[in-house]
Amino acid sequence: MFSSFKDTTIYKEKEIEFSKRAQLLAADISHSFGGFSNIHKLTACADYKNAQVLRRHGIFQYSNDLQRRIRKREEIPAGSEEE
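Reading the values: the criteria
Residues numbered from 1 in each chain as written. Predicted model: local features only at pLDDT ≥ 70, side-chain atom pairs only at ≥ 80, totals over all residues. Heavy atoms only, no water. Helix = DSSP H or I, 4+ residues; strand = E, 2+ residues; numbered from the N terminus. Rg over C-alpha atoms; globule rule 2.2 N^0.38 Å. Buried < 20%, exposed > 50% of the residue type's maximum accessible area, 1.4 Å probe, protein only. Contact = heavy atoms within 4.5 Å. Areas by Shrake-Rupley, 256 points an atom, 1.4 Å probe, with all protein chains shown as cover. Lys, Arg positive; Asp, Glu negative; His and termini not counted. Charge placed at Lys NZ, Arg CZ, Asp CG, Glu CD. Salt bridge = Lys/Arg side-chain N within 4 Å of Asp/Glu carboxyl O. Expected span 1.5 Å × (residues − 1). Arc of directions from axis to C-beta. Pairing = 2+ DSSP bridges. Phe/Tyr/Trp six-rings, centres within 6.5 Å; stacked < 30°, edge-to-face > 60°.

Requested: an account of the overall build of the chain, with residues and values cited.
What the chain contains, in helices and strands, is 3 helices and 2 strands. Starting at the N terminus, the α and β elements of the chain follow one another as β-β-α-α-α. At 16 Å, the chain has a C-alpha radius of gyration far larger than the 12 Å of a compact globule built from 83 residues. For the chain, the spread of C-alpha atoms along the three principal axes comes to 45 × 30 × 20 Å. Every one of the 83 residues in the chain was classed for burial, and the buried ones make up 8%. For the chain, the share of sequence-separated contacts (at least 6 apart) that also reach a separation of at least 24 residues comes to 12%. With an accessible surface of roughly 7,400 Å², the chain has 53% of that area assigned to carbon and sulfur atoms. For the chain, the distance from the average position of its 14 positive side-chain charges to the average position of its 12 negative side-chain charges is 7 Å.

Listed below in structure tokens is the structure:
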């Protein structure tokens, strides 16, 4: 495995794998070379855009404090509970 594809973080003392880079690679190869027969089985890549869309449609709700921080464009530290 390529070390740059080790897309993980620690959350509540557990390692969580996102596999975003691997998913993007598979999608790029599929789109460039005619597709994999099971490309539809890929899940959405972990990305901040997902949270934006889900929040806009009322599926996600943030705490008042987090909403305030987002409006103020405060940086949310990597690995934090809010992230």
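That covers the picture; the talk isn't over yet.
Break down the pattern of salt bridges for me, with residues and values.
Counting across every chain of the model gives 5 salt bridges. In this structure, Arg-68 engages Glu-74 in a salt bridge whose closest nitrogen and oxygen atoms are separated by 3.3 Å. Under the relative-accessibility criterion, Glu-74 is labelled partly exposed at 35%. In this structure, a network of salt bridges that share partners links the residues Asp-65, Arg-68, Arg-69, Glu-74 and Glu-82.

Lay out helix 1 (residues 20-32) with the relevant residues and their values.
Every α-helix carries 3.6 residues per turn, so stepping three or four residues along brings you back to the same face. Across its 13 residues, helix 1 extends 18 Å between first and last C-alpha, which sits within 8% of the 18 Å expected from 1.5 Å per residue. Along helix 1, the residues classified as buried are Gln-23, Ala-27 and Ser-30. Projected onto a plane normal to the axis of helix 1, the buried residues spread over an arc of 65° and lie on a single side. Directly after helix 1, the chain includes Gly-34, whose backbone phi takes a positive value near 100°.

Tell me what's going on with the pairing of strand 1 (residues 8-11), and back it up with residues and numbers.
Looking at chain direction, strand 1 and strand 2 (residues 14-17) are connected through 4 bridges and run antiparallel. Across the sheet, residue Ile-10 finds its bridge partner in strand 2, namely Glu-15. Linking strand 1 to strand 2, which pair antiparallel, is a turn of 2 residues; within it Lys-12 sits at a positive phi near 50°.

Lay out the packing of aromatic side chains in plain terms, naming residues and giving numbers.
In the structure shown here, the tally under the stated rule is 1 aromatic pair. When the ring of Phe-60 is compared with that of Tyr-62, the centres are 6.2 Å apart and the planes differ by 50°; the resulting orientation is tilted. When its relative accessible area of 36% is taken as the criterion, Phe-60 is described as partly exposed.

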